[in-house]
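Here is how the chains run, residue by residue.
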Amino acid sequence: MSIVTTDRLTLREMTPSDLDDMAALLGDEQVMRYYPRTKTRDEARRWIEWNRSLYRDHGFGLWAITLTETGAFVGDCGLTIQRIDGVDEVEVGYHVRTEYQRRGYATEAAAASRDLARDRYSIGRLIAVINADNQPSTAVAERIGLRFEKHASVYGQDRLIYAANLAGLGRPG
Ligand SMILES: CC(C)(COP(=O)(O)OP(=O)(O)OC[C@H]1O[C@@H](n2cnc3c(N)ncnc32)[C@H](O)[C@@H]1OP(=O)(O)O)[C@@H](O)C(=O)NCCC(=O)NCCS
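Here's a quick rundown of the structure. All of these numbers come straight from a predicted model, not from anything done at the bench.

### Some remarks on unusual backbone geometry
- Even without a glycine there, the phi angle at Arg 102 is positive, about 65 degrees.
- Mapped onto the elements of the fold, Arg 102 is located in the loop between β5 (87-96) and α3 (105-119).
- Take Arg 102: its relative accessible area is 86%, and that puts it in the exposed class.
- Phi is positive for Tyr 155, close to 50 degrees, though the residue is something other than glycine.

Take a look at the structure:
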């Protein structure tokens, strides 16, 4: 199911048939360099199942990103719930295949996710949970209007929390 299109991209729900692409994405050492380790094929299957349960429970999750023109699989991006300092927050997350990085795709997909959060899901506040060394992730968060707010311990690791109140953010004009 297609969720939204942007200039170049389509965001759509992940399905079990994305397993090969998701396993390649999450099994890529470069893509996963700020995670404890790459994910196995079985973990990629559970990642898809987790996102499909998010669609059912919240209407949103991480979506598959494809190039609208060719249908090529680019990565994933979207909205998940993360418990930070005891509060459930909506996080924008993104992973882009190594060969498609630095073309502005993550920024384009994350901006569309931010707009969906505000306009379709009536979410007032959006965060990104970022490893301090992850410069590309910080750049994407800043480009869509999130700003550094605080440090937090997430699964026992120190992380930067970037955040924004969505009212008034990212609307044309
Ligand atoms: C973070 C990530 C999704 C960015 O994807 P992307 O499509 O390359 O991002 P964009 O092209 O929109 O880049 C936006 C900006 O980020 C910065 N950036 C991107 N890759 C960078 C790199 N390797 N080194 C330094 N800055 C980088 C640049 O400022 C870039 O703009 P520019 O190319 O015009 O200079 C991608 O690097 C990735 O998948 N990383 C691994 C997964 C991850 O860490 N995800 C975030 C945590 S959940």
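Following the structure, the description resumes.
### Structural notes on the layout of surface pockets
- If you add up the space inside the largest pocket, you get close to 1500 Å³.
- Tyr 35, Tyr 94, His 95, Asn 134 and Ser 137 are, among the 45 residues lining the largest pocket, the residues nearest its centre.
- Of all the elements in the fold, those that place two or more residues in the lining of the largest pocket are α2 (41-58), β4 (73-84), β5, α3, β6 (125-130), α4 (135-143) and β8 (157-165).
- Grouping the amino acids of the lining of the largest pocket by side-chain chemistry returns 22 nonpolar, 14 polar and nine charged.

### Brief notes about the site of the ligand
- Around the ligand, the surrounding shell holds 18 residues, and the nearest of these are Tyr 94, Arg 102, Gly 104, Thr 107 and Asn 134.
- Between Arg 103 and the ligand, the recorded distance is 3.3 Å, taken from a backbone N or O atom to an oxygen atom.
- In the environment of the ligand, an oxygen atom lies 2.6 Å from a nitrogen or oxygen atom belonging to the side chain of Thr 107.
- Relative to its unbound accessible surface of 910 Å², the ligand loses 80% to contact with the protein.
- Judged by the fraction of its atoms near the pocket grid, the ligand is located in the largest pocket.
- Counting only elements with at least two residues in the shell around the ligand, the list comes to β5, α3 and α4.
- Tallied by class, residues from the shell around the ligand come to nine nonpolar, six polar and three charged.

About the criteria used
- Residues numbered from 1 in each chain as written.
- Predicted model: local features only at pLDDT ≥ 70, side-chain atom pairs only at ≥ 80, totals over all residues.
- Heavy atoms only, no water.
- Helix = DSSP H or I, 4+ residues; strand = E, 2+ residues; numbered from the N terminus.
- Buried < 20%, exposed > 50% of the residue type's maximum accessible area, 1.4 Å probe, protein only.
- 1 Å grid on protein atoms, 1.4 Å probe; cavity = no way out; pocket = protein on both sides within 12 Å on 5 of 7 lines; lining within 4 Å.
- Points joined across faces, edges and corners; volume = space filled by probe spheres on them.
- Nonpolar A, V, L, I, M, F, W, Y, C, P; charged D, E, K, R; others polar.
- Near = heavy atom within 4 Å.
- Polar contact = N/O pair within 3.5 Å; in protein donor to acceptor, adjacent residues only side chain to side chain.
- Areas by Shrake-Rupley, 256 points an atom, 1.4 Å probe, with all protein chains shown as cover.
- Sits in = over half its atoms within 2 Å of the grid points.

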